[in-house]
Amino acid sequence: MDGRVKVVGRVERVDGRSLTYAEFVDRFMAPNRPVVLTGLTSSWRACQDWALPGPADRRRPDLGFFARNFPSPLVQVADCSTREFTDQKRLEMSMQEFIDHWAGASSGEEREGSLLYLKDWHFVKEYPDYVAYTTPTFFLDDWLNMYLDSHPVHRDPDIANHKIEINCSDYRFVYMGAKGTWTPLHADVFRSYSWSANVCGRKQWLFLPPSQSHRIFDRNMRTSVYSLDDDVSEKQFPEFSKTEWLECIQEQNEIIFVPSGWYHQVHNLKDTISINHNWFNAYNLQWVWNLLYEDYKVAKEYIEDIRDICDDFEGLCQRNLAANTGMNFYDFFIFIVRFALANVIELYHIQNSEDVTFSTETTHHFVYNLESIRNVASMMRTAEAFSSENVCQISEDNRSAFSDVKRILEEESFRRLLMSLSKAYGLINRGQRTYPKTRVSNQEGCLSASCLTSDCNVVDHITSLICKVCGPEDLVRLIDSALSDG
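In what follows, the accompanying structure is described. Predicted model only: the values in this text are computed from it and were never measured.

Between its first and last C-alpha atoms helix 9 (residues 313–325) spans 18 Å; for 13 residues at 1.5 Å apiece the expected length is 18 Å, and the two agree. Buried within helix 9 are the following residues: Phe 313, Glu 314, Gly 315, Cys 317, Gln 318, Leu 321, Ala 322 and Thr 325. Structurally, helix 9 contributes buried residues whose contacts are with helix 8 (285–302), helix 10 (329–351) and helix 12 (388–393). Looking at the residues trailing helix 9, positive phi occurs at Gly 326, about 100 degrees.

Here is the structure:
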């Protein structure tokens, strides 16, 4: 890759132990800048169990440990030598088959160039009792995985199926690859943030700022550069030669924060095991909506010629969007309605609490979250999907999942989401790994970790503001009412 791209800078490195959450937000998350964080993985069980000691304190993967302890029936593996459409060819094999291949390739038994890279392994879901790591405080405000821990990503029976739900069960992954394995140029799913921690090994990252992303596409903005190692055609990609990149060499024990919309390509310079999360929250929620809207326009344009003969054209557009992007407008709206309600509940408890431990910063979290959701909901108001005619045609499961406020508040899945959000902010605000003051789970009462009142009336309060959310306009009204109460 050397000499093929113009590297103009390096990703900043910061000792994570010296950084507060507010500083991380101000310096990196809010301005959408990458950073390498050090000093945050020393207590991780994965760093002890998953690697063997090597020269100069450099660990190497303990493949035998994985074979003995994590005999996953099937894992998803990328063949780094074979392109399939816009990605590498994917295979499924047992963990033992993958390890046998890796060991054989390392000893020279396998053919040269057959590099397999285990990707997107849902390790936390498969082995929930094995606590390999603790998510650093900087990444706890993870709405995507909080939601998927208690909710399905799709509710429409025409979209949801077993394979999709498995693949969307969470966005917490383990990656394992030998020296030379790599990931093609891409921006992350949903234009989410991601963080990636090297348990062992070494990686090279090349980053392109979002302001230059158009330069890696062809004139029609349909096809993008696959690999920076290729001879990129100037005729097909006329702007590519103007791109300017940031580089990072990530060592073991280091965590890299990947902001929204930054295209990047990654190479394993040594045998590497990494832990990776994709996530989003109030700071990049608009990135998610913008991607959905752009992908929707493409899906709609593709089938525009059948609009007049299609009984439910908008529904077909939304099903295609879900298939292509992983989420559609209705899935996303259900998501933001539930996070709006959860944040309204948290803000209500702060505004009506006599607990002096609540800080201005705590209040700011929930106000900012609601303002961000309001901003996105405002942009959704003109979407054709939310016209009265189209809302009437969506499935009852979809419609009731965002419209019936009292029913949502009483659902166990929502209560679990609320508890996760409440605890996450408790940890962020207190800067510690335990939440000192939480109520016992009570089906009859409020489950906010900041509420200690047995007769909490937050449900009555919210339903007095609004009882039905029939579309984005109603969600904007709900948030305006909640914010004006303060």
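Now that the structure has been shown, we can carry on.
Spatially, 1-13-12-15-10 is the arrangement adopted by the five strands of the open sheet, whose pairing is mixed. Of all strands in the sheet, those bounded by a partner on one side alone are strand 1 (6–10) and strand 10 (182–186). Going from strand to strand, the sheet's axes swing by 25 degrees on average, the running direction of each strand aside. Examined bridge by bridge, strand 1 and strand 13 (residues 244–250) share four bridges and lie parallel to one another. Looking across to strand 13, one finds that Arg 10 is bridged to Glu 247.

Moving on, we come to the sheet that holds strand 2 (residues 13–15). Across the sheet, nine strands lie side by side as 2-3-14-11-16-9-8-6-7; this open sheet has mixed pairing. Looking at which strands have only one partner, the edges of the open sheet turn out to be strand 2 and strand 7 (87–93). Here the average twist between neighbouring strands, direction ignored, is 25 degrees.

This next bit is on the packing of helix 11 (residues 360–380) against helix 15 (residues 412–430). Two quantities define a packed helix pair, namely the angle between the axes and the distance from one axis to the other. Packing of helix 11 against helix 15 leaves a shortest axis separation of 10 Å and a crossing angle of 135 degrees. As judged from the angle between their axes, helix 11 and helix 15 are oblique. Between helix 11 and helix 15 lies a crossing whose hand is right-handed. Of the residues in helix 15, those in contact with Thr 362, His 365, Phe 366 and Asn 369 of helix 11 are Tyr 425, Ile 428 and Asn 429. Looking at the contact of helix 11 with helix 15 residue by residue, the class counts come to three nonpolar, four polar and no charged.

With 127 residues, the main nonpolar core has Trp 50, Trp 121, Ile 336 and Leu 475 as its most contacted residues. In terms of residue count, helix 10 provides more of this core than any other element does, 17 residues in total. Among all residues touching Leu 475, those that are not within four sequence positions of it are Phe 333, Ile 336, Val 337, Ala 340, Ile 373, Ala 377 and Val 469.

Turning to the layout of surface pockets, a few remarks are in order. Taken as a whole, the second largest pocket encloses approximately 730 Å³ of empty space. For the second largest pocket, the lining is made up of 23 residues, of which Val 124, Thr 135, Leu 140, Asp 149 and Arg 172 are closest to its centre. Listed by contribution, the elements that provide at least two residues to the lining of the second largest pocket are helix 5 (123–126), helix 6 (143–148) and helix 15. For the lining of the second largest pocket, the element with the most residues is helix 15, which contributes four residues. Residues that form the lining of the second largest pocket fall into these classes: 13 nonpolar, five polar and five charged.

Contact pair helix 8 / helix 11: the axes reach a minimum separation of 9 Å and the direction vectors enclose 15 degrees. Accordingly, the angle class assigned to the pair helix 8 and helix 11 is roughly parallel. By crossing handedness, the relation of helix 8 to helix 11 is classed as right-handed. Counted together, Leu 285, Gln 286 and Trp 289 of helix 8 and Ser 372, Ile 373, Asn 375, Val 376, Met 379 and Met 380 of helix 11 form the full contact between these two elements. Tallied by class, the residues present in the contact of helix 8 with helix 11 amount to six nonpolar, three polar and no charged.

Here the focus is the environment of Asp 79. Along the chain, Asp 79 turns up in strand 6 (residues 75–84). Sequence separation of Asp 79 and Leu 118 is 39 residues, and the distance between their C-alpha atoms is 9.0 Å. Dropping the residues within four chain positions of it, Asp 79 is found in contact with Gln 88, Lys 89, Leu 91, Leu 115 and Leu 116. Separated by 2.6 Å, the side chains of Asp 79 and Ser 81 make a polar contact.

Here the focus is empty space enclosed by the protein. Tallying each qualifying case throughout the model produces three cavities of 30 Å³ or more. Space inside the largest cavity adds up to approximately 60 Å³. For the largest cavity, the full set of lining residues is Phe 98, His 101, Trp 102, Ala 105, Ser 114, Leu 115, Leu 116 and Ala 178. The element best represented in the lining of the largest cavity is helix 4 (residues 95–106), accounting for four residues. Residue classes in the lining of the largest cavity are distributed as six nonpolar, two polar and no charged. Size it by volume and the second largest cavity reaches roughly 40 Å³. Leu 144, Tyr 147, Leu 148, Val 153, Tyr 171, Met 327 and Phe 335 together form the lining of the second largest cavity. Counting residues per element, the lining of the second largest cavity draws most heavily on helix 6, at three residues. Of the residues assigned to the lining of the second largest cavity, the class counts are seven nonpolar, no polar and no charged.

The rules we used
Residues numbered from 1 in each chain as written. Predicted model: local features only at pLDDT ≥ 70, side-chain atom pairs only at ≥ 80, totals over all residues. Heavy atoms only, no water. Helix = DSSP H or I, 4+ residues; strand = E, 2+ residues; numbered from the N terminus. Expected span 1.5 Å × (residues − 1). Buried < 20%, exposed > 50% of the residue type's maximum accessible area, 1.4 Å probe, protein only. Contact = heavy atoms within 4.5 Å. Pairing = 2+ DSSP bridges. Axes fitted to C-alpha atoms, helices over the stretch in contact; angles between N-to-C directions. Parallel < 35°, antiparallel > 145°, perpendicular 65-115°, else oblique. Left-handed = near helix turned anticlockwise from the far one by under 90°. Nonpolar A, V, L, I, M, F, W, Y, C, P; charged D, E, K, R; others polar. Core = buried A, V, L, I, M, F, W, Y, C linked by side-chain atoms within 4.5 Å. 1 Å grid on protein atoms, 1.4 Å probe; cavity = no way out; pocket = protein on both sides within 12 Å on 5 of 7 lines; lining within 4 Å. Points joined across faces, edges and corners; volume = space filled by probe spheres on them. Polar contact = N/O pair within 3.5 Å; in protein donor to acceptor, adjacent residues only side chain to side chain.

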